Each structure stands twice: as C-alpha cells, then as structure tokens.
Amino acid sequence: MDVFNVICHDGSKIRDERVVSYIKKVLERDAFYVPSLNGSVGLKPSDDYTVIELVGTDRPGLLSEVSAVLTNLGCNVVNAEIWTHNARAAAVVHVTDDTTKCAVEDPKRLSTIKKLLCNVLKGNNDLKTAKMTLSTPGFMHRQRRLHQIMFAERDYEKVEKTEQEKENKLRTRVMVLDCVEKDYTVVTIHCRDRPKLLFDIICTLTDMQYVVFHGVVQTEKMEAFQEYYIRHVDGSPVSSEAERERVMQCLEAAIERRTSEALELELCTADRVGLLSDITRIFRENSLCIKRAEISTEDGTAKDKFYVTDMTGNNPVDPKTIDSIRTQIGQQAALHVRWNSSQSSDPQPEETTIGFLFGNLFKGKTFQT
C-alpha cells in the first residue's frame, strides 16, 4: 500500500475534481510502459512529429546553434526539453516538417539532420562522443528519458566544480547504510524540497536496477527528508563500498540536474518556424547561458521556459540585459521574469539521525556504516 499526501504547486489543497479524476484514472491503469535504458524511445508509431535525442558537451550558445540548424533544414520545434549538468547537455526534441506539418520521413533528409546536428554537438574540442538519435514517436515521458540519457552519459562522475556548485552540493546529503537484520540497504536523503524531487530520485533508483520495498518522504518548510529501503533486482543489498559510493553519486546527480540558481524567463507568443532559433540567438547575443529549457506549443501558441545565468554561471543577470531582451523580442511576445532559487535557504545544521523516519519499524541499532 502506498499513501501520498499531495498539494497543488501553490501549496493549496487540490479541489479541482478534474485533477483528482485524472490522477485516479492514471493510477488505476493495469500497466505502465517505461522505456528501458537501452531501448527505443518510441512505442506507438505516429505521423505527428519526429523525436530527436541529443547529447554532447555543454557550452554557451549550444541550443542556439542546434535551433539554427533545425530551422535551416525546414524543421519546426513543437516540443522540447533540454537539461545540462556536469558539463554535459541532453535534449529530447519533437520536430515537424515545415511544409507538411507532420513528421520528417525522407531518409536522406533525416541523414542530413543527423550529420549536421552531430557536427554542432561535437564542437571544436569535444573529447566525448556527441550523439543524435532519431526515434519513432510514441508514449514517452521526456523527463524520465532525460534522466536515462544523463545516467548513460555518466554525468554523475566527478568533474571540476565552480565554488557555487560546491556550495550547492554541500546542501544535499545522501547516505547509504546497511540494515543488517532486515537485509536491506537504506538510503537517506536530506536536501532542499522542490517540485518533482521524488520523481527524480525514484527514476534514478529504478534505472540503477534497485527496487524500493519501503519508503518515507517528509517535507518541512523548504526541506525534504527521504528514506528508502532498497535491494537490487536480484534481491541482494548493496554489497561493496564502490557500489555504495556510486549510489550516492547518482542520487546527488539526479537532484542536481533540475536544481539551479537561475533566472526563469517564461515566453508566450504566437508560434512560427524559427522562433526558438531567434529567441536563443537573442539570449546568446546578450551573454546569457541556458541551463535548462522547456519548449511547448499548444493551439498555435508557443509557451517556453528558459532557466538562464550569465556566462560564468555565478553572477546575477543584469536587469539591463532583460530590458534589452524585451526590446529585441518585441511587444507581441509576453516575457515573464522570475528568480528561480530552489536553494534559497540552507538546511539547518543538525546531527544526522539514522533511521529517523522508519524508526519505529526498523530500529536504529540495526544500521551499520
């Protein structure tokens, strides 16, 4: 039995019966499909759009270059999600043919798209292999797929971090402990609370081939405490220090991928071919770096969110830069600005308590570090 206490994004109780009905309908389905780590993204054939997966080394202006290539090739971006983490960039992009408004099907054209995008992703000195995959569109959760792509790219491995990234890392505490009497491995997490935190963590544990047998999630103000009792799919707990370290690294990466000190720019305007290319070019020309982006199109209207920093990633974006962007975008587009600081306040220092959530069920004395 799983019990969830949930609220709306604004912190209020869910009162919309349509939302409640949708949640019940989805949860009562007999089966769910989740793409495997090495499997195809597509599940059901569709002529609506072509799915493009991209991965390469992150750098300023990368999204602008990718968007320009797609525009020049007559492709319109209808939906997309872009993540960056640990110097890697990944994207899942849905494109249509500018002429037919359907999926791009011509093999030669698809080959050209793949070749040119790989050239962009490689850059001048990319020591890691850039990848571009074309897939049959179908049922897929883009954010789940992005976790899989980043995990496959080993973005959890240590890289040289900036001082701000080091500071953010200190705010997240992940511990992997043994519960000898019950033959489980216990994962405890203390970090900033934010939307989709539970989703990100469970996706990662699942992709690492672990099964959650028991778990507790508790939020308090802006802090989140999570505790999971896990075993590997073969029934065994974590068996080595190297495996323990890898679990901690991967969970920290899962939390960090969606966590950043960034300025959120929300754009709403009439959709057109080349819009994403123009917007990202304006950002690049104003020395903004895109850390994450959510692109969507609905009934001819583009609704895009960009999470941006200055080129260093450390300094606040100058208000004059935003004014310049507003002028260049024009009055026909609505641009909303908000500071996205999911790390706005630090967790209070405290002694780490082992078994603090499942204390009555599994005694603290059964844990060993």
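This structure is a prediction, so every number in the text was calculated from the model and none was measured.

A word on empty space enclosed by the protein
Gaps between atoms show up when a probe of the same size as a water molecule is rolled over them.
(1) Moving on: A complete count under the given rule lists two cavities of 30 Å³ or more for this structure.
(2) Moving on: Considering only enclosed or pocket space, the largest cavity measures out at about 270 Å³ in volume.
(3) Moving on: Residue lining of the largest cavity: 28 residues in total, with Leu62, Leu63, Ser64, Val66 and Ile82 positioned closest to the centre.
(4) Moving on: Of all elements in the fold, only β1 (50-57), α2 (62-72), β2 (75-85), β3 (88-97), α8 (275-285) and β10 (288-298) reach the threshold of two or more residues within the lining of the largest cavity.
(5) Moving on: Looking at which element gives the most residues to the lining of the largest cavity, the answer is α2, with six residues.
(6) Moving on: Classifying every residue of the lining of the largest cavity gives 20 nonpolar, five polar and three charged.
(7) Moving on: Each pocket or cavity is described by its volume, and for the second largest cavity that value is around 120 Å³.

Thoughts on the packing of α2 against α8
(1) Moving on: At a minimum axis distance of 8 Å, the contact between α2 and α8 shows a crossing angle of 150°. By the angle between their directions, the pair α2 and α8 is classed as roughly antiparallel. Crossing of α2 over α8 shows left-handed handedness. Where α2 approaches α8, its residues Leu63, Ser64, Glu65, Ser67, Ala68 and Thr71 are matched on the opposing element by Leu276, Ser277, Thr280, Arg281 and Arg284.
(2) Moving on: The residue makeup of the contact of α2 with α8, split by class, is three nonpolar, five polar and three charged.

Things to note about helix α7 (residues 241-256)
(1) Moving on: A rise of 1.5 Å per residue sets the reference length of α7, with its 16 residues, at 22 Å; its end C-alpha atoms lie 23 Å apart and thus fit the reference within 8%.
(2) Moving on: Within α7, twelve of the 16 residues are buried, which leaves the element mostly enclosed by the surrounding structure.
(3) Moving on: The set of residues buried in α7 consists of Glu243, Arg244, Val247, Met248, Gln249, Cys250, Leu251, Glu252, Ala253, Ala254, Ile255 and Glu256.

Topic: the pairing of β2
(1) Moving on: β2 sits mainly inside the fold: eleven of its eleven residues count as buried.
(2) Moving on: Pairing of β2 with β3, which is carried by ten bridges, proceeds in the antiparallel orientation. The residue bridging Asn76 from the neighbouring strand is Thr96, located in β3.
(3) Moving on: Where β2 hands over to β3, the hairpin turn is made up of two residues, of which Asn86 adopts a positive phi near 50°.
(4) Moving on: Relative to β10, β2 runs antiparallel, the two sharing four bridges.

Let's talk about the pairing of β1
(1) Moving on: In terms of burial, β1 is largely enclosed, as seven of its eight residues are buried.
(2) Moving on: As paired strands, β1 and β3 are joined by eight bridges and run antiparallel to one another. Within β3, the residue paired with Glu53 across the bridge is Val92.

Here we look at the nonpolar core
Soluble globular proteins: nonpolar side chains tend toward being buried together.
(1) Moving on: Counting 43 residues, the largest nonpolar core has Leu70, Val93, Ile113 and Phe306 as its most contacted members.
(2) Moving on: Setting aside chain neighbours within four positions, we find Leu70 in contact with Ile52, Cys75, Val77, Val93, Val95, Ile113 and Leu117.
(3) Moving on: By size, the runner-up hydrophobic cluster in this structure holds 22 residues, among which are Val187, Met208, Leu251 and Ile255.

Each value, and the rule that gives it
- Residues numbered from 1 in each chain as written.
- Predicted model: local features only at pLDDT ≥ 70, side-chain atom pairs only at ≥ 80, totals over all residues.
- Heavy atoms only, no water.
- 1 Å grid on protein atoms, 1.4 Å probe; cavity = no way out; pocket = protein on both sides within 12 Å on 5 of 7 lines; lining within 4 Å.
- Points joined across faces, edges and corners; volume = space filled by probe spheres on them.
- Helix = DSSP H or I, 4+ residues; strand = E, 2+ residues; numbered from the N terminus.
- Nonpolar A, V, L, I, M, F, W, Y, C, P; charged D, E, K, R; others polar.
- Axes fitted to C-alpha atoms, helices over the stretch in contact; angles between N-to-C directions.
- Parallel < 35°, antiparallel > 145°, perpendicular 65-115°, else oblique.
- Left-handed = near helix turned anticlockwise from the far one by under 90°.
- Contact = heavy atoms within 4.5 Å.
- Expected span 1.5 Å × (residues − 1).
- Buried < 20%, exposed > 50% of the residue type's maximum accessible area, 1.4 Å probe, protein only.
- Pairing = 2+ DSSP bridges.
- Core = buried A, V, L, I, M, F, W, Y, C linked by side-chain atoms within 4.5 Å.

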